[in-house]
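Residues per chain are reported as follows:
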Amino acid sequence: MVTKARLRALIDAASGRKKADLCITNAHVLDVYNKEWFESDILVSEGYICAYAQKGKGEASRVVDAGGRYLVPGLIDGHVHIESSHATAQEFSNLVVPCGTTTVIADPHEICNVCGLDGLSYMLDASQDTALQAFFVVPSCVPATTFEHSGATILAEDLAEPLKHERVLGLGEMMDYPGVIAASDLVVDKLIEAKKAGKIIDGHSPAVSGSELDAYCASGIHTDHECETPQELQERVRRGMYVMLREGSACNNVLGLLGGVHERNSRRCIFCTDDRQPISILAEGHINNNIRLAVHAGLDPIEAFCMATINSCDCYHLTDRGAIAPGLRADFCLVNDLSSFTMHQVYVAGELVAQDGLMLKPAAVRHDSRVSGKMQVRDFSAARLALPLQDSHVRVIDIVPGGVVTEAGEATVPVKDGLWVHDAKQDIIKLAVIERHKGTGNVALALLRGYGLKGGAMATSVAHDSHNIIVAGDNDADMEKAVNHLIAVGGGMVIVQNGQILASFDQPVAGLISYEDGATIAENLKRLHAIAQEKLKVSKDVDPFMTLCFMSLPVIPAYKLTDMGLFDVRSFSFVPLELNR
């Protein structure tokens, strides 16, 4: 908080009446406003940038020689689900701050689908004292649709209080785009609550175009991170939206969208990760990876840095950061070069917090009872996994490698005594979603093609967006074993073959998050991925668990499976497995 005494001290340091706390010298400094590099010493006092000084002439209690590196504002992730890292907010900070990310706008949609607004409170508390500045949006779609069971329901009247929080910037991604376009009461009431609070509204509108996109934008929705083509990016910018170029672990859109970015519209483009796992962060980086990809593909580095800093601030009305200018927070990075985009040092509020890829004082993880014990499964057994079919001509969920969109497939499959029978010659396996929040006893079944799995089962309680248990396998016994293991440990990921657990990764925080450190989480995921591909022959064209966990997401086309049945996202309706019904 800026008190009168601190503000006077800042002004005194800027005017030279008082020595600054810190001086960064011998750096190429980024000016995001004029879009140029300039040579200057940068003075910091009271956690804020206070002044420029002639190169090599700055005076302060502490002087840091940048060694000719590039001084840029702290990077900003415009849209992220921290839970998708499988790490706590504290450990997520430890992972991304060394990459130069100092601010994120997080949507706790995943944990709120399990724990309701307790999940938001937990995330706010867990991120309170981290080096990473975490802002949040209140999830708009809990559950994501009315076609699944989640752990909570957040209605319009529930939004008013959390929207008052100083670190809550708005309403989270409005995935119910059909509800927006149809002006449904439930959706419009939520939009109005955000407008009344003077907060922004995040969007999610895959493949929406024309008059439907006009209706979506007319509602006041401000952003979109679901563009697939340069044309879609430009259509949204034309309508006043900010478009996010996403580079997650499963969804990679930076290179595909760059063709739509030019100097006239780049100010409406920002970077985000959405869902990014520790494996990707430790190997490639975070938002600095978005920058690296874009620059190597031809984008000017200054434009890339603007998309990673000031553009996000403009989008989310963060007026105290995003540039190297007097009066702004001293959140900045010393970048080694304009090729690798690795960080030599990262500063938050004028304090050195990370150097050469390591946190100097890692945030400590704390356990919290509000987000544990979230497994309420009723009447589950192997018998519930039997798949009755009246006809062999069936709908199949076809995996599309490299993303979370599926295709609406069809196939002719073996049927014996009225039940589906696995055929090893077909790359078709069983998929099941087991409700775990309200004890409904729901078990829904479908068929999945393109996953490659042979001789076992894989299951996870990370299953977007309601996070029921999802399991894929070619035999019911292994599928049952996998589900029962997750129930027993409180959630996570597991691989079973011939009745034996080959590998598991427990995630007791809402069945989504581990208390382990980032490196251990990454090793667990690597081990699971290796076993999935080597032992169960899961296709190397897909991320084994990331792909599986999106097979239940009923807002991205074409076929998905919720705990209530096979869902056709194109028509927003349930469909039978048999094509002739």
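**Points about the overall build of the chain**
Part 1 of the reasoning: From N to C terminus, the chain includes 16 helices and 32 strands.
Part 2 of the reasoning: Against the compact-globule benchmark of 25 Å for 581 residues, the chain has a radius of gyration of 25 Å, which places it among compact chains.
Part 3 of the reasoning: In terms of its C-alpha atoms, the chain occupies a principal-axis envelope of roughly 90 × 50 × 45 Å.
Part 4 of the reasoning: Considering the chain as a whole, with its 581 residues, one finds that 61% of them fall into the buried category.
Part 5 of the reasoning: For the chain, the accessible surface area stands at approximately 20900 Å², while carbon and sulfur atoms represent 48% of it.

**Concerning the pattern of salt bridges**
Any two side chains of opposite charge can pair, so long as their charged atoms come close to each other.
Part 1 of the reasoning: For the structure on display, the rule yields 22 salt bridges.
Part 2 of the reasoning: Residue Asp-12 is joined to Arg-17 by a salt bridge in which the shortest nitrogen-to-oxygen separation is 2.8 Å.
Part 3 of the reasoning: Here Glu-193 makes a salt bridge to Lys-196, at a shortest N to O gap of 3.2 Å. One end of the pair is Glu-193 and the other is Lys-196, both in helix H6 (residues 185–196) and three residues apart, which spans about a single turn.
Part 4 of the reasoning: Judged by relative accessible area, which is 15%, Glu-193 ranks as buried.

**What about a nonpolar patch on the surface?**
Part 1 of the reasoning: A cluster of nonpolar residues, Val-2, Leu-7 and Ile-11, forms a patch on the protein surface that exposes about 240 Å² of accessible area.
Part 2 of the reasoning: Mapped onto the fold, Val-2 is located in the segment before helix H1 (4–15).

**Side note on the nonpolar core**
Part 1 of the reasoning: Core analysis: the largest hydrophobic core is formed by 180 residues, its most contacted members being Ile-111, Leu-245, Phe-271, Tyr-451 and Met-458.
Part 2 of the reasoning: Non-local contacts of Tyr-451, meaning those with residues more than four positions away in its chain, are made with Ile-399, Asp-427, Ile-429, Met-458, Ala-472, Val-538, Ser-539, Val-542, Pro-544 and Leu-548.
Part 3 of the reasoning: Counting residues in each nonpolar core, the second largest holds 17 residues, with Ile-24, Ala-27, Ala-66 and Tyr-347 among its members.

**Considerations on the sheet that holds strand S31 (residues 565–568)**
Part 1 of the reasoning: Across the sheet, three strands lie side by side as S30-S31-S32; this open sheet has antiparallel pairing. With partners counted over all chains shown, the strands left at the sheet margins are strand S30 (559–562) and strand S32 (573–574), one partner each.
Part 2 of the reasoning: In the sheet, S30 pairs with S31 via four bridges, with the strands oriented antiparallel. The residue bridging Thr-562 from the neighbouring strand is Gly-565, located in S31.

**Some thoughts on the packing of aromatic side chains**
Part 1 of the reasoning: Taken as a whole and judged by the stated rule, the model has 11 aromatic pairs.
Part 2 of the reasoning: Both rings, one in Phe-147 and one in Phe-567, keep their centres 4.7 Å apart while their planes meet at 40°; by these two values the pair is tilted. Of this pair, Phe-147 sits in the loop between strand S10 (133–138) and strand S11 (168–174) while Phe-567 sits in strand S31, placing them 420 residues apart in sequence.
Part 3 of the reasoning: For the cation-ring pair, Arg-268 lies above Tyr-242, with the distance from its terminal atom to the ring centre recorded as 3.9 Å.

**Some points on the environment of Asn-34**
Part 1 of the reasoning: Tracing the chain through its elements places Asn-34 in the loop between strand S2 (28–31) and strand S3 (36–39).
Part 2 of the reasoning: Exposure remark for Asn-34: the relative accessible area of 56% places this residue in the exposed category.
Part 3 of the reasoning: The sequence separation of Asn-34 and Ile-302 amounts to 268 residues, and the corresponding C-alpha distance is 10.0 Å.
Part 4 of the reasoning: Reaching out from Asn-34, the side chain makes a polar contact with the side chain of Asp-31 at a distance of 2.8 Å.

**A word on helix H15 (residues 518–534)**
Because each turn of an α-helix spans 3.6 residues, side chains separated by three or four positions end up pointing in the same direction.
Part 1 of the reasoning: The end-to-end C-alpha separation of H15 is 24 Å, in line with the 24 Å expected for 17 residues at 1.5 Å each.
Part 2 of the reasoning: Among the residues of H15, Gly-518, Ile-521, Ala-522, Asn-524, Leu-525, Leu-528, His-529, Ile-531 and Ala-532 are the ones counted as buried.
Part 3 of the reasoning: Against helix H2 (89–96), helix H10 (278–284), strand S26 (457–460), strand S28 (492–497), strand S29 (500–506) and helix H16 (544–549) lie the buried residues of H15.
Part 4 of the reasoning: Its side-chain oxygen placed 3.1 Å from the backbone nitrogen of Ala-519, Asp-517 serves as the N-cap of H15.

**Description of the pairing of S3**
Part 1 of the reasoning: Across four bridges, S2 lies against S3 in antiparallel orientation. Its bridge partner being in S3, Asp-31 is matched across the sheet by Glu-36.

**Some details on the sheet that holds strand S12 (residues 200–203)**
Part 1 of the reasoning: Strand order across the open sheet formed by five strands is S8-S9-S10-S11-S12, with parallel pairing between neighbours. At either end of the open sheet lies a strand with only one pairing partner, and these are strand S8 (75–80) and S12. When the angles between neighbouring strand axes are averaged without regard to direction, this sheet yields 30°.

**Describing the layout of surface pockets**
Part 1 of the reasoning: A volume near 540 Å³ is recorded for the largest pocket.
Part 2 of the reasoning: Residue lining of the largest pocket: 20 residues in total, with Met-1, Gln-133, Glu-166, Arg-321 and Arg-329 positioned closest to the centre.
Part 3 of the reasoning: If you tally residues by element for the lining of the largest pocket, the top one is S10, at three residues.
Part 4 of the reasoning: Class assignment of the residues belonging to the lining of the largest pocket gives a composition of seven nonpolar, five polar and eight charged.

**Points about the environment of Lys-18**
Part 1 of the reasoning: Along the chain, Lys-18 turns up in the loop between H1 and strand S1 (20–25).
Part 2 of the reasoning: Once the C-alpha coordinates of Lys-18 and Asn-290 are considered, the two residues, 272 residues apart in sequence, prove to be 40 Å apart.
Part 3 of the reasoning: Leaving out residues up to four positions away in the same chain, Lys-18 has contacts with Ala-9, Asp-12, Ala-13, Ser-45 and Glu-46.

**Details of empty space enclosed by the protein**
Part 1 of the reasoning: The full count for this structure, using the stated rule, is four cavities of 30 Å³ or more.
Part 2 of the reasoning: What the largest cavity holds in volume is close to 130 Å³.
Part 3 of the reasoning: Forming the walls of the largest cavity are 18 residues, and the residues nearest its centre are His-81, Asp-274, Asp-275, Phe-550 and Leu-553.
Part 4 of the reasoning: A breakdown of the residues in the lining of the largest cavity according to their chemical character gives six nonpolar, five polar and seven charged.
Part 5 of the reasoning: Taken as a whole, the second largest cavity encloses approximately 50 Å³ of empty space.
Part 6 of the reasoning: No other element matches the three residues that H16 contributes to the lining of the second largest cavity.
Part 7 of the reasoning: Partitioning the lining of the second largest cavity into residue classes produces five nonpolar, four polar and one charged.

Conventions and cut-offs
- Residues numbered from 1 in each chain as written.
- Predicted model: local features only at pLDDT ≥ 70, side-chain atom pairs only at ≥ 80, totals over all residues.
- Heavy atoms only, no water.
- Helix = DSSP H or I, 4+ residues; strand = E, 2+ residues; numbered from the N terminus.
- Rg over C-alpha atoms; globule rule 2.2 N^0.38 Å.
- Buried < 20%, exposed > 50% of the residue type's maximum accessible area, 1.4 Å probe, protein only.
- Areas by Shrake-Rupley, 256 points an atom, 1.4 Å probe, with all protein chains shown as cover.
- Salt bridge = Lys/Arg side-chain N within 4 Å of Asp/Glu carboxyl O.
- Patch = residues over 30% accessible without salt bridge, like charges linked within 9 Å, V, L, I, M, F, W, Y side chains within 5 Å.
- Core = buried A, V, L, I, M, F, W, Y, C linked by side-chain atoms within 4.5 Å.
- Contact = heavy atoms within 4.5 Å.
- Pairing = 2+ DSSP bridges.
- Phe/Tyr/Trp six-rings, centres within 6.5 Å; stacked < 30°, edge-to-face > 60°.
- Lys NZ or Arg CZ within 6 Å of the ring centre and 35° of its normal.
- Polar contact = N/O pair within 3.5 Å; in protein donor to acceptor, adjacent residues only side chain to side chain.
- Expected span 1.5 Å × (residues − 1).
- Axes fitted to C-alpha atoms, helices over the stretch in contact; angles between N-to-C directions.
- 1 Å grid on protein atoms, 1.4 Å probe; cavity = no way out; pocket = protein on both sides within 12 Å on 5 of 7 lines; lining within 4 Å.
- Points joined across faces, edges and corners; volume = space filled by probe spheres on them.
- Nonpolar A, V, L, I, M, F, W, Y, C, P; charged D, E, K, R; others polar.

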